[in-house]
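What follows is the residue order along each chain.
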Amino acid sequence: MKIIQIHNFFYKILNGINSNIRIIDVEANKSVYMNECCKKTFQVEHPEGKLCWEVMQKGMKQRC
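Everything quoted here is computed from the prediction, not taken from an experiment.

Let's talk about the overall build of the protein chain
Argument step 1. Check the secondary structure of the protein chain and you find three helices and two strands.
Argument step 2. By its C-alpha atoms, the protein chain is 40 × 25 × 15 Å across when sized along the principal axes.
Argument step 3. Considering only contacts within the protein chain whose residues lie at least 6 apart along the sequence, 10% involve residues at least 24 apart.
Argument step 4. Within the structure as shown, the protein chain displays about 5100 Å² of accessible surface, and the carbon and sulfur contribution to it stands at 57%.
Argument step 5. The centroid of the 10 positive side-chain charges in the protein chain is displaced by 3 Å from the centroid of its 6 negative side-chain charges.

Focus on the packing of aromatic side chains
Argument step 1. As enumerated under the stated definition, the model contains one aromatic pair in all.
Argument step 2. An angle of 75° between the planes, with centres 5.2 Å apart, marks the rings of F9 and F10 as edge-to-face.
Argument step 3. Residue F9 is classed as partly exposed on the basis of its relative accessible area of 43%.

So, the pairing of strand β2 (residues 30-34)
Argument step 1. Pairing of strand β1 (residues 22-25) with β2, which is carried by four bridges, proceeds in the antiparallel orientation. Bridged to D25 within β2 is K30.
Argument step 2. The turn joining β1 and β2, which pair antiparallel and follow one another in sequence, is formed by four residues; a positive phi near 60° is taken by N29.

What counts, and at which threshold
Residues numbered from 1 in each chain as written. Predicted model: local features only at pLDDT ≥ 70, side-chain atom pairs only at ≥ 80, totals over all residues. Heavy atoms only, no water. Helix = DSSP H or I, 4+ residues; strand = E, 2+ residues; numbered from the N terminus. Contact = heavy atoms within 4.5 Å. Areas by Shrake-Rupley, 256 points an atom, 1.4 Å probe, with all protein chains shown as cover. Lys, Arg positive; Asp, Glu negative; His and termini not counted. Charge placed at Lys NZ, Arg CZ, Asp CG, Glu CD. Phe/Tyr/Trp six-rings, centres within 6.5 Å; stacked < 30°, edge-to-face > 60°. Buried < 20%, exposed > 50% of the residue type's maximum accessible area, 1.4 Å probe, protein only. Pairing = 2+ DSSP bridges.

Rendered as structure tokens:
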């Protein structure tokens, strides 16, 4: 399988799960990935690259 096919395969699986799934870069405290369920829960369309507490804890100004 090519990298793009593998990416699409896992993307479909993760977005098909009806639970919040997110990947956070703990060193940078930034959101790397959120599945569709998680995006709906936190009411965000494009969380990638944003500080995790700004996305998941509205109104916070620092680390959780």
